[in-house]
Amino acid sequence: MNYTISSAFGTEAADQPIKEMTIQRRELLPNDVEIEILYCGICHSDLHAVKNDWGGSTYPLVPGHEIVGKITQVGSEVSKFKVGDIGAIGCIVDSCGKCSHCHDGDEQYCETGWTVVFNSPDKISGGMTYGGFSEKIVANADYVLKMSETVDLAATAPILCAGITVYSPLKHWKVGPGKKVGIIGIGGLGHMAIKIAKAIGAEVVVFTTSPSKLEDAKNLGADSAVLSTDKAAMKAQRDFDMILDTVSAKHDVNVYLNALKVDGSLVLVGLPNEPLEIGAFNVVNGRKSFSGSNIGGIAETQEVIDFCAEHNITADIELIKPSEINEAFERLEKGDVKYRFVIDIKNN
Ligand code: NAP
Ligand code: ZN
């Protein structure tokens, strides 16, 4: 296989800052496209991976999985895109395509393991995958999403992870008109969850540890916002059909289980690196479920991109230069972002 060189922004070790480096991208195979990356969002998962929070990070590591750019080359077998189109990539760049989950459009639950866009063994090119904090990327067109060039591309990039990660469980748990949903944490995922849950017609209550975000929650569309450190206010919460937990660090989930109605579900999408503790009575009483959900499949990602375009939903972003990535990571660690950093890759 032949390779070309691309510049990228990555790290050599968990305790090292992000710096400019060079990586290899494969030359196009017949089903591939090449994308010149314009924008890439910064998800808390990028930060977890850079710091090796979950173990398993391989360095050099180039993060980034909310990628939007321009198609610059198309392989001979590709009919979905032409040069000049907008192409977008989220977390998934490969899967077996044969198992029942791939067949059902849930590539993220592929039985033989799917390939994550970064820090994942690359079954096609060899080595590890490198993500969207880079100048260009080559991927199989089946895993590349379509996006209209009339949308605000930078503010749409976060739909590729934050948007799909909240849309998929909201849909799976049938949130909609007449349903009361709670959203825990107003960060990248949480703020998209407020917008999407509102657009599908649910009553939306937000839980935040940050007093400064209470007013924002309502501006983002929430019906009400609760300071989760206020014990009395938390005790009064009840009758939720579903609560979506987007918190990135260890926290008490039992208070939320108690706020569910009978048969309600607390659904975890946040990925703290420490185990969460559940009191038996908090699930046994009221036949409650504690569950989780991982991103969403390719077809569903296209669906949420189209849904957001139709409902004029984009992320609230802070657009940064590549040279500001380290500062952005420091602020993300502290929950200090309103509400998603997006890198303007070409503004280097
Ligand atoms: P983020 O922008 O940093 O938002 C996380 C929010 O959680 C913070 O803004 C804060 O909200 C709240 N929070 C942080 N520390 C807390 C603590 N100790 N106790 C209570 N609340 C706390 O992160 P994100 O990009 O939205 O990602 C959130 C999590 O989802 C991360 O763990 C990420 O890895 C994970 N993730 C999972 C998937 C998946 O497929 N399952 C996909 C993407 C991301 P308030 O200030 O409002 O309290
Ligand atoms: Zn993500």
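It should be noted that the structure appears before, not after, this text.
What comes next concerns the included structure. (Residues numbered from 1 in each chain as written. Chains lettered and ligands numbered in written order. Predicted model: local features only at pLDDT ≥ 70, side-chain atom pairs only at ≥ 80, totals over all residues. Heavy atoms only, no water.)

1. Topic: the coordination of the zinc ion (ligand 2)
The coordination sphere of the zinc ion (ligand 2), as far as protein atoms go, consists of Cys-43 (SG), His-65 (NE2) and Cys-161 (SG), spread over 2.0 to 2.2 Å. Sequence positions of the residues that donate to the zinc ion (ligand 2) give the spacing C-x21-H-x95-C. Of this pair, Cys-43 sits in the loop between β3 (32–42) and α1 (44–50) while His-65 sits in the loop between α1 and β4 (67–74); the two residues are 22 residues apart in sequence, bridging distant segments of the chain. Looking at Cys-43, the relative accessible area reads 3%, which means it is buried. (Donors = N, O, S within 2.8 Å, 3.2 Å for Na, K, Ca; no water. Helix = DSSP H or I, 4+ residues; strand = E, 2+ residues; numbered from the N terminus. Buried < 20%, exposed > 50% of the residue type's maximum accessible area, 1.4 Å probe, protein only.)

2. What about the layout of surface pockets?
Here the second largest pocket is characterised by a volume of approximately 280 Å³. Forming the boundary of the second largest pocket are 20 residues, of which Arg-25, Arg-26, Asp-122, Ser-125 and Thr-129 lie nearest the centre. For the lining of the second largest pocket, the secondary-structure elements that each account for two or more residues are β2 (19–26), β6 (92–94) and β8 (136–140). In terms of residues, the lining of the second largest pocket owes the most to one element, β8, which gives 4 residues. Considered class by class, the residues forming the lining of the second largest pocket number 9 nonpolar, 7 polar and 4 charged. (1 Å grid on protein atoms, 1.4 Å probe; cavity = no way out; pocket = protein on both sides within 12 Å on 5 of 7 lines; lining within 4 Å. Points joined across faces, edges and corners; volume = space filled by probe spheres on them. Nonpolar A, V, L, I, M, F, W, Y, C, P; charged D, E, K, R; others polar.)

3. Digging into empty space enclosed by the protein
By the definition in use, this model includes 1 cavity of 30 Å³ or more. Counted as a void, the largest cavity has a volume near 50 Å³. Contributing to the lining of the largest cavity are Gly-90, Cys-91, Ile-92, Tyr-143, Leu-145, Leu-160, Ile-164, Ile-295, Gly-296, Ile-298 and Thr-301. Partitioned by chemical class, the residues of the lining of the largest cavity number 8 nonpolar, 3 polar and no charged.

Interpretation in functional terms is not warranted from these geometric data alone.
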